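One-letter residues, chain by chain:
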Amino acid sequence: MADPATDPGAPTRQRAEPYVPQEIEPRWQAAWDRSGQHRIDLEDDSRPKRYFLTMFPYPSGNLHVGHWYAETPADAAARFQRMRGANVFFPMGFDAFGLPAENAAIQAARKGEDVHPARLTRERIASMTTQFQRMGAMFDWSKTLATCEPEYYRWNQWFFLRAYQRGLAYRKESYVNWDPVDQTVLANEQVVEGRGERSGALVERRLMPQWHFRITAYADELLDFGGLDWPERVKTMQTNWIGRSEGAEVAFTTDAGQEIRTFTTRPDTLWGATFLVLAPEHPLVATVTTDGHRAEVQAYVEAAGRLSEIDRQSEAREKTGVFTGAYATRPVDGARIPIWVADYVLVTYGSGAVMAVPAHDQRDFEFARSYGLDVVPVVQPADVERLDGATMTEAYAGDGVMTNSGPFDGTPTGKDAGPDGGVARVIMWLEERGLGERRVTYRLRDWLISRQRYWGTPIPMLYCDACGIVPEREENLPVVLPEDVAFMPTGESPLQHHADFQHATCPSCGGTARRETDTMDTFMDSSWYWFRYLAPDKSDGPVDSARVARWTPVDTYTGGIEHAILHLLYARFFTKMMRDLDLTDASEPFLRLRNQGMILGEDGEKMSKRRGNVVDPDDLVARYGADAVRAYLMFIGPWDQGGPWNPQGIEGVVRFLHRVWALVEDPAPEGGSADDATVAELRRAAHTAVAEVTDDLDRFRFNTAVAELMTLQNAMMKLKSGALVANDAWEEAVQLLLLLLAPITPHLAEELWHRRGFGESVHLQAWPSVDEGALVRSTIDLVVQVNGKVRGKVTVPSDADDAAVLEAAKSDANVVRYLAAGTLKREIVVPGKLVNLVVVG
RNA sequence: GCCGGGAUGGCGGAACGGUAGACGCAGUAGAUUCAAAAUCUACCGGGGAGACCCGUGCGGGUUCGAAUCCCGCUCCCGGCACCA
């Protein structure tokens, strides 16, 4: 073959125009917009529906690489499903309420400037929408929404009222997490290691009346992930968070006749309960305490109240507590045991009081040793020497045989003892005698949704002097968040000083009422938004029930792992509540969940302005084009892993895209071969890629999909010649390559598709199917093993029988050397892939 | 402590139980160039001149054959954690 590089006489290879993504991409984005190919017909039921949902972003004002990493692979998966013949709905909107915009307004107020969160948020939504267009994604912008608009949040209020009617929303005074920086209470889910999830401030415990959703009513149902294709770790995290414990509730009676209820997972150790412990906040502490101990107990309770949650739960801390002076009766045998107050017992879990069994619970053991309380073993381990309460150095929590336990002596017991074990039998025994009952307890608390903030959905409740707490009438919704507000430099919610907003008429008696000034947790907004996408303009109800029936649950939901508990738990709860309000038949919102990892800076650290390792997607697009950014983010590694940004890595992908352009557009070198073997090789390469890319995209394995496309490009480049390009098989291979590229690099594929004159948009083509015939090889590689070692490889016709295979193996000089030493034991034929000839000496 | 997920070249990572390291990055050599960039070609786990040998966190096992399956560890990441 003449090569202009080495042969000066050879004709110079003509080059087509260069690949300039910056020119191609805006042109196609505008064309797709004009043609409306991303506007979906939600009523079209001629094709199977696929609801692809990606977690809607908070309008921070600027897209960062994380958005591109989250959205563009999801877009590739959605485009792939559309080409496979599905009617794919892939909407995008904005989670628009929240503290950052309000904090910006407060900051501005401190400087005497005027910034309003509503204006700021709407501007940011507009600029981010423009930025989103540059991704070349197939978002259907005709169905977008922003949660800060009254048309959206009025339905938050509507749901709240319906939930209130059903007793699923309620107000109660309880100990809550107060974030002193953001000046609001937070849900348990928003407190991480004792600090506010957003502000990082140490949260304080405050007793305040607040609105809650009764998520605990669904605790058991939330533990059931049946039928869901979700990552194991997300299911585990939610299961841990809900924290189900089985046990019994046992009531102890004080000498003064008050009942103290305790929860235990080990009722079989009841005979070893040598004291009771109340949490400092337990309501009975004051009434139980005897006069002689009052001062000491009061001091202890006050000191405990001053401790931050993190100090109090510190593991290193030694257990402290005080005796109340009171005694209670152990119900199983009438023994009198002392009642203590200690802050290692949490008022928020179980009943806020525990029966302490120091011999078999490490915490109780440590407390008993500190204060000289009795340690009485009631479970004897089978294989260890007898436990003695006086000499034990730690609690024994394992299995064994019950002793000192009245009628149960000799019963095998422990966590693993099963239905005939002590735990189950003692519960039955307690129930028969009315001394206690089976009880399941959860770590999960009800969802606290009140926020003492401005930029959120007003809670539609009123306080009337005559009627008390009164819900707003549905027909008066929305309770509009007033925009004529002044932001305090102190950070206090302006609603607390807005007389017009607070002034209301009581729907019950017609008198004057005061409006609730707390707003809802913004996780409320994201708990049902995918229903609203289906009919964002609907004004006579929250959702279009026919579309809900057809389109939900969401088929594939994508987003960050940081929402594993928060948003995803609330969304599941909300769907179940909506089901019970007859708004949907489904019990689960999202059938398949896939989480992307996080893109880190070049240094492997989280991207931040302070570190100076932020990569700006706008710069990347200007430099390399959107397709290169998309393809690189997909190629970087498994999507759920994320990883550091590699500036040289994207160059490799850019090279690949230029090679694709050259492969399709540049003229081929003259001559070459287009014989049957060459054509078969070309078709095999193309159809192998079809098979692999199809499988990869189906399984969200974008990195190997891109690698497969690179392999195909390499193979085609190697084979490309004047003779082959003139063959129909070349045209077919180019078409397949472009079809496979379409979800990943939509602009490049579309441009080349048109340049080749293949017809209307590549994105409206059917996804190619594999021609199995093209995959069949005329020969097969034969690996020859002797005594477990690979000793050679021979190539035989794919239809060779065992005898011919053996003959072929023997024709390999190297194999024969080893074969001579042994005898043939057997041949193992792996159909379609490999043939191994095994010889044992 | 309990639960979940991992560990493969210099790096990111591939491998239905079937020749480990696909694809890419970085690197080496060469072509092109006055030179460089870009591009192209070849090489690119370790040892050995070679035949070969050794290699997927560690120790066993199953199998003709194990990164992959089983048993026992080590370390790393994530979640929960004084939750009775």
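Residues numbered from 1 in each chain as written. Chains lettered and ligands numbered in written order. Predicted model: local features only at pLDDT ≥ 70, side-chain atom pairs only at ≥ 80, totals over all residues. Heavy atoms only, no water.

**Remarks on the overall build of chain A**
And then number 1: Scanning chain A from terminus to terminus reveals 27 helices and 32 strands.
And then number 2: When each of the 841 residues of chain A is scored for burial, the buried share is 53%.
And then number 3: For chain A, the proportion of contacts with a sequence separation of at least 24, taken over those separated by at least 6, is 73%.
And then number 4: In the structure as shown, chain A presents an accessible area of about 36700 Å², 48% of it carried by carbon and sulfur atoms. (Helix = DSSP H or I, 4+ residues; strand = E, 2+ residues; numbered from the N terminus. Buried < 20%, exposed > 50% of the residue type's maximum accessible area, 1.4 Å probe, protein only. Contact = heavy atoms within 4.5 Å. Areas by Shrake-Rupley, 256 points an atom, 1.4 Å probe, with all protein chains shown as cover.)

**Looking at the sheet that holds strand β25 (residues 554-560)**
And then number 1: Across the sheet, four strands lie side by side as β2-β1-β25-β26; this open sheet has parallel pairing. Looking along the sheet, the strands with just one partner apiece sit at the ends: β2 (87-89) and β26 (590-596). Taken over all neighbouring pairs, the strand axes of this sheet differ in orientation by 20° on average, direction set aside.
And then number 2: In the sheet, β25 pairs with β26 via six bridges, with the strands oriented parallel. Counterpart to valine 554 in the pairing with β26 is phenylalanine 590.
And then number 3: Seen against the sheet, helix α2 (residues 65-83) touches β1 (49-54), β2, β25 and β26 and runs at an angle of roughly 175° to β1. (Pairing = 2+ DSSP bridges. Axes fitted to C-alpha atoms, helices over the stretch in contact; angles between N-to-C directions.)

**Considering unusual backbone geometry**
Peptide bonds are mostly trans, and most non-glycine residues show a negative phi.
And then number 1: The amide bond that connects leucine 477 to the next residue, proline 478, takes the cis arrangement and shows omega of 0°.
And then number 2: Considering the arrangement of structural elements, one finds proline 478 in the loop between β21 (468-471) and α13 (499-502).
And then number 3: Between threonine 552 and the following residue, proline 553, the backbone shows a cis peptide bond with an omega angle of 0°.
And then number 4: Positive phi is not limited to glycine here, since aspartate 582 has a value of about 65°.
And then number 5: A relative accessible area of 67% places aspartate 582 in the exposed class.
And then number 6: Positioned with a positive phi, phenylalanine 700 is a non-glycine residue whose angle comes to about 60°.
And then number 7: With respect to the helices, strands and loops of the structure, phenylalanine 700 is situated in the loop between α20 (676-698) and α21 (702-719).

**Focus: the pairing of strand β7 (residues 204-213)**
And then number 1: Judged from the 10 bridges that link them, strand β3 (residues 169-179) and β7 form a sheet pairing that is antiparallel. Looking at the pairing, arginine 171 lines up with tryptophan 211 of β7.
And then number 2: Examined bridge by bridge, β7 and strand β18 (residues 447-448) share two bridges and lie antiparallel to one another. Opposite histidine 212, over in β18, you have leucine 448 as the bridge partner.

**What to know about the sheet that holds β3**
And then number 1: The sheet built from four strands is open, its strands ordered β4-β3-β7-β18 with antiparallel pairing. Looking at strand neighbours, the two that pair on one side only are β4 (184-186) and β18, the edges of this open sheet.
And then number 2: Relative to β4, β3 runs antiparallel, the two sharing three bridges. Paired with tryptophan 178 across the bridge in β4 is valine 185.
And then number 3: Packing of helix α5 (residues 150-165) onto the sheet brings it into contact with β3 and β7, and relative to β7 it is tilted by some 90°.

**Overview of the side chain of threonine 745**
And then number 1: Its location among the elements puts threonine 745 in the loop between α23 (728-741) and α24 (746-755).
And then number 2: In this structure threonine 745 touches Asp627, Ala631 and Leu657, once residues within four positions along its chain are discounted.

**With respect to the pairing of β1**
Note on strand geometry: in a regular strand, side chains alternate between the two faces of the sheet.
And then number 1: The buried count for β1 comes to five of six residues, which makes it a mostly enclosed element.
And then number 2: One ladder, built from three bridges, connects β1 with β2; its direction is parallel. Bridging from a neighbouring strand, lysine 49 pairs with asparagine 87 of β2.
And then number 3: In this fold, β1 hands off to α2, which returns the chain to β2; that crossover is right-handed.
And then number 4: Sheet topology places β1 next to β25; three bridges connect them, and they run parallel. Following the sheet pairing, leucine 53 is matched in β25 by tyrosine 557. (Right-handed = clockwise from strand over helix to strand, strands pointing away.)

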